[in-house]
Amino acid sequence: SRGLGYGDLCSPGWLEEDPELFWGFWGQCYNDYRRARPHEGYEILDRWAERWFRHSPVAEQIRALQQQAAGAKDGQSNADHNDHDPFSVEDYAGAFFAFTSNVDAHHYDWFHACEIHECHGSTEFYQCAAGKQACKYATGVPLTCGGGDGEGPG
């Protein structure tokens, strides 16, 4: 045993220092998260979002402003995405979003991709550590890959 805890193993430095340890750890996390079921709190939040936030006049105004700003910035919509990304963003959040530090991707089981902001990413999406500008490589893990029932996360 190396005496390493979860926080120690989360370092991307292991990819270069010990690739087998890195992929073994993240592969096990990936399989565990895919097998796990989200708790009922996700369903409660989804009901609240659906009842009070997603379809309100304020939500429509926010979405219109986001769409206008995105169009003015680069002429593209949020629907532009990687065809291999199982969690593609195809809309704008409106009056509800979830900010999470969870890396299990369970938010995608209940919320729209445009409503989810992950501060640490997830085991479902890998991107070059050099940064988005320096490295264009990014990929999502296919929903049919890995543990669980073959139906993807959730």
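Residues numbered from 1 in each chain as written. Predicted model: local features only at pLDDT ≥ 70, side-chain atom pairs only at ≥ 80, totals over all residues. Heavy atoms only, no water.

**Q** Looking at this structure, how should I read the overall build of the protein?
**A** Each helix and strand counted, the protein has 5 helices and 4 strands in total. Mapped from its N terminus to its C terminus, the protein presents α and β elements in the order α-α-α-α-α-β-β-β-β. The 154 residues of the protein split such that 32% are buried. The contacts of the protein with a sequence gap of at least 6 include a subset with a gap of at least 24, amounting to 50%. Surface accessibility of the protein: about 9900 Å² in total, with carbon and sulfur atoms responsible for 54%. (Helix = DSSP H or I, 4+ residues; strand = E, 2+ residues; numbered from the N terminus. Buried < 20%, exposed > 50% of the residue type's maximum accessible area, 1.4 Å probe, protein only. Contact = heavy atoms within 4.5 Å. Areas by Shrake-Rupley, 256 points an atom, 1.4 Å probe, with all protein chains shown as cover.)

**Q** I keep staring at the pattern of salt bridges and nothing clicks. Help me out?
**A** Proximity of charged atoms lets side chains of opposite charge pair with each other. For the structure shown, the criterion picks out 8 salt bridges. Here R2 ties to D18 by a salt bridge, and the two come within 2.7 Å at their closest N and O atoms. Remark: D18 occurs in the loop between α2 (14–17) and α3 (19–35) and R2 occurs in the segment before α1 (6–9); sequence separation between them is 16 residues. Between D46 and R54 there is a salt bridge, with the nearest N and O atoms lying 2.9 Å from each other. Each member of the pair, D46 as well as R54, is classed as buried. Connected via shared salt-bridge partners are D46, E50, R54 and E115. (Salt bridge = Lys/Arg side-chain N within 4 Å of Asp/Glu carboxyl O.)

**Q** When you look at the packing of aromatic side chains in this model, what are you seeing that I'm missing?
**A** Within a pair of aromatic rings, the relevant descriptors are the distance that separates the centres and the angle that separates the planes. Per the counting criterion, the structure on display carries 6 aromatic pairs. Members of the aromatic cluster, joined through ring pairs, are Y42, F53, F96 and F111. (Phe/Tyr/Trp six-rings, centres within 6.5 Å; stacked < 30°, edge-to-face > 60°.)

**Q** Would you mind showing me how to read the nonpolar core here?
**A** Looking at soluble globular proteins, one finds that nonpolar side chains tend to be buried together. Within the largest apolar cluster, 9 residues are counted, these being Y42, A49, F96, A98, A105, Y108, F111, A113 and I116. With sequence-adjacent residues up to four places away left out, F96 is seen in contact with A49, F53, R54, F111 and E115. Counting 8 residues, the second-largest nonpolar core is a separate cluster that includes F22, W26, C29 and V103. (Core = buried A, V, L, I, M, F, W, Y, C linked by side-chain atoms within 4.5 Å.)

**Q** Help me out: how do you make sense of α3 in this one?
**A** Think of an α-helix as 3.6 residues a turn; residues three or four steps apart then line up on the same face. Helix length check: α3, at 17 residues, gives a terminal C-alpha distance of 24 Å against a target of 24 Å (1.5 Å per residue), a fit within 8%. Within α3, the full set of buried residues consists of F22, F25, W26, C29, Y30, Y33 and R34. All buried residues of α3 fall inside an arc of 160 degrees around its axis, so they share one side. Turning to α3, the residues buried within the fold contact α1, α2 and β3 (125–127). (Expected span 1.5 Å × (residues − 1). Arc of directions from axis to C-beta.)

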